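As a plain string of letters, each chain reads:
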Amino acid sequence: MKKTLILLLLVAVALPLYAAGKKAPKQKAALWDWMNSASDSALACAHGIWEHPELGEHETYSSRRLADYLESNGFTLEYGVADVPTAWVATFENGAGPSVGYLAEFDALPGLSQKAGSPVREPLVTGGPGHGCGHNLLGTASAFAAVGVKNSMQERGIHGTLRVYGCPAEETLVGKIYMARAGIFNASQVMLAWHPGSGNEVNYSSSLAMTSIKFKFHGRTAHGAGDPHHGRSALDAVELMDTGVNFMREHVMDKARIHYVITNGGGAPNVVPDVAEVWYFVRAPKTEDQRPILEWVRQIAAAAAQMTQTRMEENLLSSCYEVLLNDPLAQLLQNNLELVGPPRFDSADWEFARELSKSFDKPDSIPLDTTVGKLELVPQDKWVFGSGSTDDGDVSWCVPYGCLSTACAVKKAPWHAWQTVSAVGSPVGDKGMVVAAKVLAGGGLDLMTDPAWIDKAKADFVKQLRGRTYKCGVPDSLAPPAQR
């Protein structure tokens, strides 16, 4: 207990000193002061979305709640963009000038319902969804940042355009893919984004390119014991396909990831299944590496159908690029993160974090992050590729893109789990969200008042593309999954 008190005292002393190391310019300080005074309405929006968790492409309340917040603050809304009903673009125009975009998400995850701020498992609705990735905070902080920049533009006569993109179904990698295919993001010159995390840092690592695809096989039913020779087993086709893919693993690059689940394997053992389905995720660090592996998987599926005399059909759900990093935007966000500083957690936050950490396999001795990570820019051939995928990748191939994370959860907390749901619905999540909003707003104001940042971001974008162009992995003829 004594060690804990000493730690809290050290943290309390260190925080003001951190902010004192760098002084924000007067215009930016005024922006952040306004945001301090206006944070209650933004937090109410985040809390409302947390209290009404909805799965991707079904975020009717969440999408509307965030859109209403922006509309009430002077933005014009266009709903149902890219033929996705819960997708929208909110726009504020103030004459000719720079054009800055913000990405907003609001979808939840299944089975993660949990009481906010509770250090033990307490579902609010058994089996219900919950915000295990903090998207209730994500969309709200982006919107709050845009509102803050809008107010500064109006007060100081700054010309330009702000856009907030309401992007549904990030968890299933749907929303931004179909929006990118429709060219929705191309109206902005640069894009800023963030994601709740357990640390405070600019996101300077890429992701894995990924395709989500289902293979359904159609055979012919028959009695499994009395008449099997008249049957053609769709399940046999699924199993042969899976076997072929598993043998293929030896011959793909080390960082490729291929995983699947059988979503339909038949109804009863004594009936030859006439329908069976398997769902695949195919990943690799770069799109040019991932797409040949995907084609190989498709060839194996076709071969399995031929071997079993069944018919195979594909259902392509989504296909996303890896994130294309942008050095100037990373530096811009780092500058603002260092000015804002980390969240300032109080004793109640620390107590909650310590109690919640007891549910972790390996808790951190200092459960909340009160530091700002360093940024080290490196050439593209030295980029680190994370283990996950995000549809932000497609946005980053359409327009220069920068992203950061702030501490909204406890260190070493499992994501997509109830512990994160609890944290992002608590004051810990609130404080991290406000820090993120200030950083995004500060970056947006810099872009509006010093267009040289945009010129540098565009030049780096061209450099990182290396002559490649974006080609959406989902064909124009394919409707979003919820509309099929």
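Note that the coordinates shown come from a computational prediction; the quantities given were computed from them, not determined experimentally.

A.B. asks: Is there a simple way to explain the packing of helix α4 (residues 135–156) against helix α12 (residues 427–449) in this structure?
C.D. replies: Helices that pack against each other are described as a pair by the angle of their axes relative to one another and the distance between those axes. Between α4 and α12, the least distance of the axes is 8 Å, while the angle of their chain directions is 40°. If you check the angle between α4 and α12, you find them oblique. In the packing of α4 onto α12, the handedness of the crossing is right-handed. Across the interface between the two elements, L137, T140, A141, S142, F144, A145, V149, S152 and M153 from α4 touch G429, M433, A436, A437, L440, A441, G444, L445 and M448 from α12. Residues belonging to the contact of α4 with α12 are distributed by class as follows: 13 nonpolar, five polar and no charged.

A.B. asks: Teacher, can you tell me more about the environment of H195 here?
C.D. replies: With respect to the helices and strands, the residue H195 is situated in strand β5 (residues 190–197). A C-alpha to C-alpha distance of 7.8 Å links H195 and G134, two positions 61 residues apart in sequence. For H195, the contacting residues outside a window of four places in its chain are C133, H135, L138, C403, L404, S405 and T406.

A.B. asks: Help me out: how do you make sense of the sheet that holds strand β9 (residues 275–284) in this one?
C.D. replies: Two orientations exist for strands paired in a sheet by backbone hydrogen bonds: parallel and antiparallel. With antiparallel pairing, four strands are arranged side by side in an open sheet as β8-β9-β7-β10. Where the open sheet ends on each side, the last strands, each with one partner, are β8 (257–264) and β10 (311–320). Ignoring which end each strand starts from, the neighbouring axes of this sheet average 15° apart. Direction of pairing for strand β7 (residues 209–218) relative to β9: antiparallel, over a ladder of ten bridges. If you follow S212 over to β9, its bridge partner there is F281. Together, β7, β8 and β9 form the strand contacts of helix α6 (residues 234–248), whose direction differs from that of β9 by roughly 20°.

A.B. asks: I keep staring at the pairing of strand β11 (residues 401–407) and nothing clicks. Help me out?
C.D. replies: Regular strands place side chains that alternate from one sheet face to the opposite one. With respect to burial, β11 is a largely interior element, seven of its seven residues being buried. Because side chains alternate across β11, one face comprises the buried residues Y401, C403, S405 and A407, and the other comprises G402, L404 and T406, equally buried. Here β5 runs beside β11; their pairing, made up of seven bridges, is parallel. Among the inter-strand pairings, A193 is bridged to a residue of β11, identified as C403. As paired strands, strand β6 (residues 201–202) and β11 are joined by two bridges and run antiparallel to one another. In the strand pairing of β11, V202 is matched with L404.

A.B. asks: Explain the confidence of the model for the chain here, please?
C.D. replies: Low pLDDT means the predicted coordinates in that region are not meant to be read closely. For the chain, the mean per-residue pLDDT works out to 94, and 96% of the residues sit at or above 70. Between residues 1–21, whose pLDDT stays under 50, and residues either more than four places distant or in other chains, the model counts 18 contacts.

A.B. asks: Looking at this model, I keep getting lost on the sheet that holds β5. Mind explaining?
C.D. replies: The strand order β1-β2-β4-β3-β5-β11-β6 describes an open sheet built from seven strands, whose pairing is mixed. Every interior strand has two partners, whereas the edge strands, β1 (76–79) and β6, have only one. Summarising the sheet, β1 and strand β2 (residues 88–94) pair through four bridges and their orientation is antiparallel. Bridge pairing in β2 places Y79 opposite W88. This element, helix α8 (residues 327–340), spans β5, β6 and β11 of the sheet and lies at about 30° to β11. Against the sheet, α12 makes contact with β3 (99–105), β4 (160–167), β5 and β11, and its axis sits at roughly 165° relative to β5, the strand it touches most.

A.B. asks: When you look at the packing of aromatic side chains in this model, what are you seeing that I'm missing?
C.D. replies: Geometrically, a pair of aromatic rings is defined through the distance of the ring centres and the angle of the planes. The tally for this structure, following the rule as stated, stands at nine aromatic pairs. With a centroid separation of 6.4 Å and an interplanar angle of 45°, the aromatic rings of W34 and F144 are classed as tilted. Taken as a pair, W34 in helix α2 (residues 26–51) and F144 in helix α4 lie far apart in primary sequence, 110 residues in all. On the accessibility criterion, F144 (0% relative accessible area) is buried. Taking 6.0 Å as the distance between ring centres and 50° as the angle between the ring planes, the aromatic pair formed by F75 and F92 counts as tilted. Here F92 lies in strand β2 and F75 lies in the loop between α3 (60–72) and β1, a separation of 17 residues in the sequence. By relative accessible area, which is 3% here, F75 ends up buried. An aromatic cluster is built from F215, Y260 and Y280, whose rings are joined through pairwise contacts.

Conventions and cut-offs
- Per chain, the residues get numbers from 1 upward, laid out in the order the sequence is written.
- At least 70 in pLDDT is required for a residue's local features to be given in this predicted model, at least 80 for side-chain atom pairs to be given and counted, and no such filter applies to totals for whole chains, interfaces and linings, which use all residues.
- Hydrogen atoms and water are omitted, and side-chain values are computed over all heavy atoms in the structure.
- Here an axis means a line fitted to C-alpha atoms, over the contact stretch when the element is a helix, while the angle between two N-to-C directions is reported on a 0 to 180 degree scale.
- Secondary structure follows DSSP: runs of H or I at least 4 residues long count as helices, runs of E at least 2 residues long count as strands, and numbering of each begins at the N terminus.
- When describing relative orientation, an angle under 35 degrees is termed roughly parallel and one over 145 degrees roughly antiparallel, while 65 to 115 degrees is termed roughly perpendicular and anything else oblique.
- Crossing chirality is assigned from the near helix's rotation relative to the far helix, an anticlockwise turn below a right angle marking it left-handed and a clockwise turn marking it right-handed.
- Should any heavy atoms of two residues lie within 4.5 Å, those residues are counted as being in contact.
- Each residue gets one label: Ala, Val, Leu, Ile, Met, Phe, Trp, Tyr, Cys and Pro are nonpolar, Asp, Glu, Lys and Arg are charged, and the others, such as Gly, are polar.
- Paired strands, in this sense, are two strands between which DSSP finds at least two bridges.
- Categorising residues by exposure relies on relative accessible area from a 1.4 Å probe, with only protein chains included: less than 20% of the type maximum marks a residue as buried, more than 50% marks it as exposed, and the intermediate range marks it as partly exposed.
- The predictor rates its confidence in each residue with pLDDT, a number between 0 and 100.
- Two aromatic rings, drawn from Phe, Tyr or Trp (for Trp, its six-membered ring), form a pair once their centres lie within 6.5 Å of each other, and the interplanar angle then sorts them: stacked below 30 degrees, edge-to-face above 60, tilted otherwise.

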